[in-house]
Structures are given as C-alpha cells and as structure tokens.
Amino acid sequence: KYEAGKKWKSFWKGVLGLFKNIEKRPPHAVAIRKDFDPRTLRVFEENLRHSISLVRRKGIKGAFLLQPIIGVDGKTYSFNERLWAESEIGQAKIIRRQRFYQRARPLFDSLAKEFADEKAVCFSDISGAVKDRKERLYVDEGHFNSKGNQIMAQAIIAQLAECGFIKLPEKS
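Residues numbered from 1 in each chain as written. Predicted model: local features only at pLDDT ≥ 70, side-chain atom pairs only at ≥ 80, totals over all residues. Heavy atoms only, no water.

K.L.:
Is there a simple way to think about the packing of helix H3 (residues 39-58) against helix H5 (residues 88-114) in this case?
P.N.:
Two quantities define a packed helix pair, namely the angle between the helix axes and the distance between the axes. At their nearest, the axes of H3 and H5 sit 10 Å apart, and the two run at 30° to each other. As the angle between them shows, H3 and H5 are arranged roughly parallel. H5 is crossed by H3, and the crossing has right-handed handedness. Here Thr40, Leu41, Phe44, Glu45, Leu48 and Arg49 of H3 lie close against H5, whose contacting residues are Phe100, Arg103, Ala104, Leu107, Phe108, Leu111 and Glu114. Of the residues in the contact of H3 with H5, the class split is eight nonpolar, one polar and four charged. (Axes fitted to C-alpha atoms, helices over the stretch in contact; angles between N-to-C directions. Helix = DSSP H or I, 4+ residues; strand = E, 2+ residues; numbered from the N terminus. Parallel < 35°, antiparallel > 145°, perpendicular 65-115°, else oblique. Left-handed = near helix turned anticlockwise from the far one by under 90°. Contact = heavy atoms within 4.5 Å. Nonpolar A, V, L, I, M, F, W, Y, C, P; charged D, E, K, R; others polar.)

K.L.:
Where do I start with the packing of aromatic side chains in this structure?
P.N.:
Applying the stated rule across the entire model yields seven aromatic pairs. Plain terms: the ring middles of Tyr138 and Phe144 are 4.7 Å apart, the flat faces sit at 25° to each other, and that makes the pair stacked. Comparing Tyr138 with Phe144, the two get one shared label, buried. Every member of this aromatic cluster is reached through a ring pair, and the members are Phe44, Phe64, Phe100, Tyr101, Phe108, Phe115 and Phe123. (Phe/Tyr/Trp six-rings, centres within 6.5 Å; stacked < 30°, edge-to-face > 60°. Buried < 20%, exposed > 50% of the residue type's maximum accessible area, 1.4 Å probe, protein only.)

K.L.:
Would you take a moment to explain unusual backbone geometry for this structure?
P.N.:
Excluding glycine, most residues fall at negative phi; most peptide bonds, likewise, are trans. At Asp132, a residue that is not glycine, the phi angle is positive and equals roughly 65°. Checked against the element boundaries, Asp132 lands in the loop between strand S2 (121-125) and helix H6 (146-162).

K.L.:
Mind showing me how you'd approach a nonpolar patch on the surface here?
P.N.:
Taken together, the side chains of Ile157, Ile166 and Leu168 define a hydrophobic patch exposed on the protein surface, amounting to about 230 Å² of accessible area. In this structure, Ile166 sits in the segment after H6. (Patch = residues over 30% accessible without salt bridge, like charges linked within 9 Å, V, L, I, M, F, W, Y side chains within 5 Å. Areas by Shrake-Rupley, 256 points an atom, 1.4 Å probe, with all protein chains shown as cover. Salt bridge = Lys/Arg side-chain N within 4 Å of Asp/Glu carboxyl O.)

This is the structure:
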C-alpha cells in the first residue's frame, strides 16, 4: 500500500511538472517573433554569391529576384489573406519577414551595384509586384493562386527583358 501511494504521488508530481513546464514556455507566436536570426542574412548573401560564382563558371545568365510574400509585399489583403495575416502566428511570421527584408533589401541593392558591370547577372527586387492589388492572389501565406502567378510571370518577364536576357516582341 505504501509503495502504491508513493508511485501515485510520483506520477502526479510528474504530470504537474509537465504542466508547469508548458506554462513557462512562450506561446508559439512569441517564439517565432523572437526567432529572427541575423545569421540568416549572411547565409542569404553566401547563397547569392555562390550562385553568381556558378553563373560565371557555367557561362550562363542568372537573374536574382527578391520575391513578394505576405507581410512585405505592400498588398492590400483580401478577406482570406487577412485571416492568416491577422492571426497570432501570421503576425509573428510577418514581424520576422519584415526584419529579414529590412536587411535583405539594402544587401540586394549593394550586390546589384557590385555586379552591375556583369552582363550575365541581374538583380531585381520585385517584392512589390503585387502592391496595391486588392483581389485575392495568395492561396496560403506565401504561394500565389493562378492570378497571382500570372502577375508574377509578367513581372519576371519584364525584368528579364530589362536585364537584356530576353527580347520582347515589338508592340504594334
């Protein structure tokens, strides 16, 4: 009887301990909000530089485009897009995205200037390509529906033409 009581008491201590640990953990959204690590920017830059190196070695052209994503695109969100953007997790992720893009945009600009003389390399920030659009363009927090894909395809084609990578047909 004494052993059973001891085990029962130990069991409840363990269960209550779990709840105490759970209470001490920050909500998932808070953890995401604090999760921005400036080293991600260094990895981003390294990946771009490695890609440029590959472009040079292979003798190909490389277009590097900073993409739009909810929270950093300047878009007026539709009802469905707002549901995610205004959720606790959405707001936390948006804060992290904004912190990244605030640092990534100047880096992107400096790389564009650094490699401006290279005809095989092109940089463009097209993250505002859906700016001020009101219709629903996202199917989730970062992927476009067919209308969004169409808008992005047009923005990419226009940028490739501006970089001299493709030639658009003459308008008649």
